[in-house]
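Given next are the chains, with one letter for each unit.
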Amino acid sequence: MPDAIIDEAVRLLRAGGVVALPTETVYGLAAAIDDRAAVQRIYAVKGRPAGHPLIVHVAAAGDLPRYAAGSHDALERLARRFWPGPLTAIVARTPAVPDVVTGGQPTVALRIPDHPLTLAILERLGCAVAAPSANRFGRVSPTTAQHVRDDLGGDVDLVVDGGPARIGVESTIVDLTGDVPAILRAGAIGPTALGDALGVPVVTSAGGSVRAPGMLAAHYAPRTALVLVEPDALPAEAERRQLRGERVGVLTLPSDAALAARGLYASLRGLDAAGYDVVLAVLPPPGEANAAVRDRLQRAARETAT
Ligand code: AMP
Ligand code: MG
């Protein structure tokens, strides 16, 4: 009965709890934004280094001025077009956003997640939550409630089961604090749609900076070594390794970009659990639609390939 779950989540968040919440991207591990100790617990549970900022999730566009300082023109354009949805915007913060949430940075990452249960919880709570993905630091993000339980078990006060995540990869992060809007993390919403909504071109950050922890090479990594191969080379590479006695898993993704993203993390978890020595994966072809899946696969491979 959803109403009882919503009440229970709100009660726990008000009492300083950490609660795993469903969103359309991945599951988040949430604490009330104004509860310093609860936010600290998120870092402890995840094993996330302090100073890596968390995304602030709000219920509605009307809540944005509470947390976003300065001009809201760009933010309002994005809100009208994409929110609730898989987009995070970085803007100057107000004093309502504590240091523990932003890692001391003068900016805040804001988004309105698109999941009815979580929106109802945020509305009833009456304030924002800070929430990173509900996985141990550096591991693959959870896209089902069971993934969260597998990863974090009894370390969280409640897991709200909202079904499998519809998008399946983390939100696009766009930084609005510079001279031009810049994408810091690829997601379901690409530079063309963003530029269209903002009325100015959006650049894609080269990825050299680690201002956003999602940009660390050590992110999104399965435990089993992941090796990227060209499609033509896949059969020969699999055979070569099998002849060496390796147990070889193959990650095949649907050619539809949205479906590939939706199933990516569950596939990586499944392959991880199967006990292969190595997983071979073919990158989807370049292009905006595949940017997020290519990015996550490249990070996963960079972390573990030998
Ligand atoms: P995760 O917590 O795993 O979903 O990742 C959250 C992402 O949002 C990370 O890449 C964070 O670094 C990024 N982020 C949150 N707040 C900020 C901020 N103020 N400036 C830059 N990146 C941020
Ligand atoms: Mg994460």
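Predicted, not measured: the structure shown is a model, and the values here were computed from it.

Colleague: Would you mind showing me how to read the nonpolar core here?
Modeller: As a rule of thumb, nonpolar side chains are buried together in soluble globular proteins. Counting residues in each nonpolar core, the largest one holds 67 residues, and the members touching the most others are Leu78, Val101, Leu110 and Leu194. Considering each element in turn, this core owes the most residues, six residues, to helix α6 (residues 116-125). Apart from the residues lying within four places of it in its own chain, the contact partners of Leu194 are Leu78, Phe82, Leu87, Thr172, Val174, Ile183, Ile189 and Val202. Core analysis: the next-biggest nonpolar cluster, separate from the first, contains 19 residues, Leu264, Leu271, Val279 and Ala281 among them.

Colleague: How should the sheet that holds strand β10 (residues 203-204) be read in this particular structure?
Modeller: Strand pairing in a sheet relies on backbone hydrogen bonds, with the paired strands running either antiparallel or parallel. What the 10 strands build is an open sheet, ordered β7-β1-β2-β6-β3-β5-β4-β8-β9-β10; its pairing is mixed. Looking at strand neighbours, the two that pair on one side only are β7 (158-159) and β10, the edges of this open sheet. Pairing of strand β1 (residues 19-21) with strand β2 (residues 28-32) involves three bridges; the strand directions are antiparallel. Within the sheet, the bridge partner assigned to Ala20 lies in β2 and is Leu29.

Colleague: What is the right way to read the side chain of His115 from this model?
Modeller: The residue His115 is located in the loop between β5 (107-111) and α6 in this model. In terms of polar contacts, His115 uses its side chain to reach the backbone carbonyl oxygen of Gly162, at 3.0 Å. Residues contacting His115, with those up to four places away along its chain left out, are Pro22, Thr23, Glu24 and Gly162.

Colleague: Sorry, what's going on with the confidence of the model for the protein here?
Modeller: It should be kept in mind that the predicted coordinates are not to be read in detail where pLDDT is low. For the protein, per-residue confidence averages 93 on the pLDDT scale, and residues scoring 70 or more make up 93% of the total. Low pLDDT, under 50, characterises residues 208-217; the stretch is placed with 24 contacts to residues that sit more than four places away or in other chains.

Colleague: Got a minute to help me understand the pattern of salt bridges in this structure?
Modeller: Think of it this way: side chains of opposite charge can pair up when their charged atoms draw near. Here the structure, examined in full by the defined rule, presents 20 salt bridges. Residues Asp3 and Arg124 are paired through a salt bridge, measuring 3.6 Å at the closest nitrogen-oxygen approach. Here Asp3, found in helix α1 (residues 2-14), pairs with Arg124, found in helix α6; they are 121 residues apart in sequence, far enough to count as distant. In this structure Arg124 comes out as partly exposed when scored by relative accessible area, which is 37%.

Colleague: Help me out: how do you make sense of the layout of surface pockets in this one?
Modeller: Regions of empty space are outlined by a rolling probe, equal in size to a water molecule, passed over the atoms. By volume, the second largest pocket is sized at about 220 Å³. Taken together, 15 residues form the lining of the second largest pocket, with Ala188, Ala257, Ala258, Ala261 and Ala289 sitting closest to its centre. Looking at the lining of the second largest pocket, the elements with two or more residues in it are α10 (257-273) and α11 (291-304). Here the lining of the second largest pocket gets four residues from one element, more than from any other, and that element is α10. Here the residues of the lining of the second largest pocket sort into 10 nonpolar, two polar and three charged.

Colleague: Just to check I follow, could you spell out the sheet that holds strand β11 (residues 225-229) for this structure?
Modeller: A sheet is described by the order of its strands in space; here three strands give the open sequence β11-β13-β12, paired in parallel fashion. Two strands in the sheet have a free side with no partner beyond their single neighbour: β11 and β12 (248-251). Along the sheet, successive strands turn relative to each other by an average axial angle of 30°, direction set aside. Sheet analysis places β12 next to strand β13 (residues 278-282), joined by four bridges and oriented parallel. Pairing of Leu251 across the sheet is with Ala281, part of β13.

Colleague: How should the pairing of strand β8 (residues 172-175) be read in this particular structure?
Modeller: Regular strands have side chains that alternate between both faces of the sheet. Where burial is concerned, the two faces of β8 agree: the one with Thr172 and Val174 and the one with Ile173 and Asp175 are both buried. By the bridge criterion, four bridges tie strand β4 (residues 87-92) to β8 in an arrangement that is parallel. Residue pairing across strands places Leu87 opposite Thr172, the latter belonging to β8. Relative to strand β9 (residues 182-185), β8 runs antiparallel, the two sharing three bridges. Paired with Val174 across the strands is Ile183, a residue of β9. The turn linking β8 back onto β9 is made up of six residues.

Colleague: It is not clear to me how empty space enclosed by the protein should be interpreted in this structure. Could you clarify?
Modeller: Within the structure shown, the criterion is met by two cavities of 30 Å³ or more. Here the second largest cavity defines a volume of roughly 40 Å³. Along its surface, the second largest cavity is lined by Leu21, Thr23, Gly28, His57, Thr118, Val129 and Ala131. Residues belonging to the lining of the second largest cavity are distributed by class as follows: three nonpolar, four polar and no charged.

Rules and cut-offs
- Residues numbered from 1 in each chain as written.
- Chains lettered and ligands numbered in written order.
- Predicted model: local features only at pLDDT ≥ 70, side-chain atom pairs only at ≥ 80, totals over all residues.
- Heavy atoms only, no water.
- Core = buried A, V, L, I, M, F, W, Y, C linked by side-chain atoms within 4.5 Å.
- Buried < 20%, exposed > 50% of the residue type's maximum accessible area, 1.4 Å probe, protein only.
- Helix = DSSP H or I, 4+ residues; strand = E, 2+ residues; numbered from the N terminus.
- Contact = heavy atoms within 4.5 Å.
- Pairing = 2+ DSSP bridges.
- Polar contact = N/O pair within 3.5 Å; in protein donor to acceptor, adjacent residues only side chain to side chain.
- pLDDT = per-residue confidence, 0-100.
- Salt bridge = Lys/Arg side-chain N within 4 Å of Asp/Glu carboxyl O.
- 1 Å grid on protein atoms, 1.4 Å probe; cavity = no way out; pocket = protein on both sides within 12 Å on 5 of 7 lines; lining within 4 Å.
- Points joined across faces, edges and corners; volume = space filled by probe spheres on them.
- Nonpolar A, V, L, I, M, F, W, Y, C, P; charged D, E, K, R; others polar.
- Axes fitted to C-alpha atoms, helices over the stretch in contact; angles between N-to-C directions.

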